[in-house]
Structures are given as structure tokens and as C-alpha cells.
Amino acid sequence: MPVTPTLEADVLRRQDPELAEILIGETVRQSTTLQLIAAENFTSPAVLAALGSPLTNKYAEGYPGARHHGGCEIVDMAERIAVDRAKALFGAEHANVQAHSGSSAVLAVYAALLRPGDTVLAMGLPFGGHLTHGSPANFSGRWFDFVGYGVEAESGLIDHEQVRTLARTRRPKAIVCGSISYPRHIDYAFFREVADEVGAYLIADAAHPIGLVAGGAAPSPVPYADVVCATTHKVLRGPRGGMILCGSDLAERVDRAVFPFTQGGAQMHTIAAKAVAFGEAAAPAFTAYAHQVVANARVLAEGLAEQGLAVTTGGTDTHLVAADPAPLGVDGRTARGRLAAAGMVLDTCALPHGDARGLRLGTAALTTQGMGELEMARIAALFAAVLREDVDSKRAREEVRELAGRFPPYPE
Ligand SMILES: *Cc1c(COP(=O)(O)O)cnc(C)c1O
């Protein structure tokens, strides 16, 4: 079984066999099961090479040309390339590529635009809002006064009338659009209009769709939002990390909110890996990839609907499918367990109405492996068979192993 391209397996095996076993075990797990987690992907060997490089040794507080540490001349070049590539890829006036994660990016954006106690309008957590959109367990819910909007009961689509009404009555300082499980395109022009009407900032948390935006397979929030925050590791297929895009007018505030307000030293190995990923995302092959991700998700959604699952909004525009398995007589948690036993790895997610949990799936990782519509149809059928217990989990596991084996994420 090949290990990850940059994993110096022999060095690690000799020095620390215990950890080497774990790294190899995880690599085997990833390549012999189906990664249906909507937020995951397989980074390229080039991205892994940058991540596993000596750039991790470098301290670099500050920004290129203005660091608090010596010896930053070379890593400065890496960060400038990452910033320039991000700006070009998304047509943004300014990019900050230092945020350690998607959540760190959101924290920094709130720090740049808001004061503690300010009112913020965002998708409510039961409808697909992220932790950083006002969860009481998160800094956001404790430090800001979050108001949640939801989705229409019938269609599952964002309740635009409610957004407008809440904006008018609660006068938020900022409106957040973006979700962890909403499968449809977001109408950024609508959110811009409402934000303008009530004098609010518009923050697009595009952590999920930003990779589709890069590949031209989803509308861009950049022309509409005051600030866009995103992750680099979901559909975008880069290293685990965050990114912030904004106009020149907010550039300084955003940069200062990342460093020194919420972070210390930049992670230069990750920033170099982000630069590599932005380079990959600018190539025509990535445009084809992004469109295939969506085509695959559509087939998966159709397949699951045909099998009787209640697919949220009736389908998808993106990489993401949310579905309630209840019509098959199984709840979300039980479903996740049965699927895991068969080697199909996915998340549960909140369902808009009631306490039951649904299933959230995505096609970013499977598509990177080279799977297409044919495989999606097969996965949908096997998925439903596992949920109905029409196939025993050992047989299903064998089928999954065979399918995954034909599409190795790291072939060489
Ligand atoms: C994934 C996600 C985040 C957070 O990203 P992390 O890197 O896990 O911190 C924030 N917002 C949304 C909408 C997300 O989907």
C-alpha cells in the first residue's frame, strides 16, 4: 500500500514506529473507504510536499516586508505569491492568506468589523449555520447578539422574506450568508440589497463553495460581499486553513484583525501550500473538476431521492447533498453508523424542522479520485441498500473496498 507521497515513511518508521503505523493506517483508511464528508478532499502531492517542508520551521509574525522576525526574505516571496494568486483567482482587491482555519478567518472578520455586543444576522444553526454564526458554545454566540434566519418549511430554500424582515426589525451591524449544509447557490445580490437597505456589512462565509467559485461552477460572492471568508481545504483542495478576501478599503482592518489581533506567527508551510493550491485551481483541469463535482452531486442526489430518501431542497446546485433517511425507517445517527460499517464515511447534520438529524454528503473527495456519474449512481444504490439492511455490511464493505481500490487517491 503506497503511503502519502511526502510521508518519509522509512525515517518515521525507524525513529517512531508507533506514529508511522498511525500515519500509514490513516492513509490506508482514506484510500479503502469512501470519503463522503462534504468538507473533505484529497490534496495533491505538491500541496503535501509544501506542507511537509522546512518552511514549517520559520517564524514570520507580520506581513511580507514588515516582519517581526529576521530571515523572512524567502518566505515573504511565498506569501506574496499566495496573495497574488488568490487575488487573481477570485478577482479580489485584497487577500489575507494567514488565517489558520475557516473559524479563525470568521473570528478575524468579526474583529475587523464589529464590537462585542453588536447584532449580527446569520443563518440559524438548526438550518445550517456554522458554529461561528452564533453558537452559544462558540465565541460568536457569547460575544455578539446573533439573530438567526431559516429556510422555508416546504422548499427548504432560504426564507428571503424572513431575512428582509429580521434585517429591518433588528438592524444588524452585519449580515452573514453561508452555511455548512445548504446545497443551493446563495443569492448574494439579494443579501447585498438587504445589507444596503439597513446599513449592515455583508459577510459571505463561503467556506464550502469557494472551490466551486474558483472553478467557475458557483456564483462568486466577491462582487457583493464587503468581506468573504473561506477555508482552503474543502472543495478548493488546498491545505487545512483559512483565507479572507475584501476590497482595498477594508484591507488594513482585516490584516490587523488577523495579526496581531487574533493570531501570532503565520504558518509559512501552509501559506506555501495555499499558493500551490491556488495555482492548481487556476488551471483548466480544476474548472473541469469543479463542474464534475457538481454533476456528481446531482446524480447522487437524484439517486438518493429515487431510493426514497427525503433530499433537502429536492436536489443540489453544489458539491453538497443533505438528506433525511427517515422515509427508509432509519434515523440519521443509526444511518451514519450502518454506512460507516460499510466503509461509507459521512456526517449527520441538523434538519430544519424538529430534532431529528439528517445526513450530509459531498462529492469533492470522490471526484478528485476520478469517480464520475456512473460511480455516483452505484454509490446511491449501495447507500440505500445499506440503510435498508438489504445487503449485509460485510458484503457492502467489500463492494466499497473494490470501488475505492479502482480510484486510488494517491496512485503512484
Ligand atoms: C468549514 C466551515 C467553517 C470553519 O472552518 P474550520 O477550518 O473548520 O475552522 C466556517 N464556516 C463555514 C460555513 C464552514 O463550512
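Structure: above.
Computed from a predicted structure; not experimentally measured.

Trainee: How should the sheet that holds strand β14 (residues 347-350) be read in this particular structure?
Mentor: Each strand in a sheet pairs with another by means of backbone hydrogen bonds, the pair being arranged parallel or else antiparallel. Read across the open sheet, the 4 strands follow the order β11-β12-β15-β14; overall the sheet is antiparallel. The outermost strands of the open sheet, each flanked by one partner alone, are β11 (310-311) and β14. Strand direction decides the pairing type here: β11 and strand β12 (residues 320-324), joined by 2 bridges, are antiparallel. Bridge pairing links Ala-310 to Asp-324 in β12. Together, β11, β12 and β15 (357-362) form the strand contacts of helix α12 (residues 284-306), whose direction differs from that of β12 by roughly 10 degrees.

Trainee: Explanation requested: the sheet that holds strand β6 (residues 145-149) in the structure shown.
Mentor: In space, the 7 strands of this open sheet follow the order β4-β10-β9-β8-β7-β5-β6, with mixed pairing throughout. Two strands lie at the open edges of the sheet, namely β4 (94-96) and β6, each paired on one side alone. In this sheet, adjacent strand axes meet at a mean angle of 20 degrees when their direction is disregarded. In the sheet, β4 pairs with strand β10 (residues 242-246) via 3 bridges, with the strands oriented antiparallel. When the sheet's bridge partners are listed, His-94 is paired in β10 with Cys-246. Lying on the sheet, helix α4 (residues 73-90) is in contact with β4 and β10; it crosses β4 at an angle near 130 degrees.

Trainee: When you look at the layout of surface pockets in this model, what are you seeing that I'm missing?
Mentor: Empty space among the atoms becomes apparent when a probe as large as a water molecule is rolled across them. As a volume, the second largest pocket reaches approximately 400 Å³. Taken together, 27 residues make up the lining of the second largest pocket; nearest its centre are His-130, Leu-131, Ile-180, Lys-234 and Arg-360. Elements that contribute at least two residues to the lining of the second largest pocket include exactly α5 (102-113), β14 and β15. In terms of residue count, the dominant contributor to the lining of the second largest pocket is β14 (4 residues). Across the lining of the second largest pocket, the residue classes break down as 8 nonpolar, 14 polar and 5 charged. Both of domain 1 (50-281) and domain 2 (288-406) provide at least three residues apiece to the lining of the second largest pocket.

Trainee: For this particular structure, what's the right way to read the site of the ligand?
Mentor: Taken together, Ser-101, Gly-102, Ser-103, His-130, Ser-179, Ile-180, Asp-205, Ala-207, His-208, Thr-231, His-233 and Lys-234 form the complete shell of residues around the ligand. A distance of 3.4 Å separates an oxygen atom of the ligand from a polar side-chain atom of Ser-101. In the environment of the ligand, an oxygen atom lies 2.7 Å from a nitrogen or oxygen atom belonging to the side chain of Ser-103. Taking 390 Å² as the accessible area of the ligand by itself, protein coverage stands at 86%. Because more than half of its atoms lie within 2 Å of the grid, the ligand is assigned to the second largest pocket. For the shell around the ligand, the class distribution of residues is 2 nonpolar, 8 polar and 2 charged.

Conventions we followed
- Residues numbered from 1 in each chain as written.
- Predicted model: local features only at pLDDT ≥ 70, side-chain atom pairs only at ≥ 80, totals over all residues.
- Heavy atoms only, no water.
- Pairing = 2+ DSSP bridges.
- Helix = DSSP H or I, 4+ residues; strand = E, 2+ residues; numbered from the N terminus.
- Contact = heavy atoms within 4.5 Å.
- Axes fitted to C-alpha atoms, helices over the stretch in contact; angles between N-to-C directions.
- 1 Å grid on protein atoms, 1.4 Å probe; cavity = no way out; pocket = protein on both sides within 12 Å on 5 of 7 lines; lining within 4 Å.
- Points joined across faces, edges and corners; volume = space filled by probe spheres on them.
- Nonpolar A, V, L, I, M, F, W, Y, C, P; charged D, E, K, R; others polar.
- Domains from an automatic or database assignment.
- Near = heavy atom within 4 Å.
- Polar contact = N/O pair within 3.5 Å; in protein donor to acceptor, adjacent residues only side chain to side chain.
- Areas by Shrake-Rupley, 256 points an atom, 1.4 Å probe, with all protein chains shown as cover.
- Sits in = over half its atoms within 2 Å of the grid points.

Distances and angles like these do not, on their own, reveal function.
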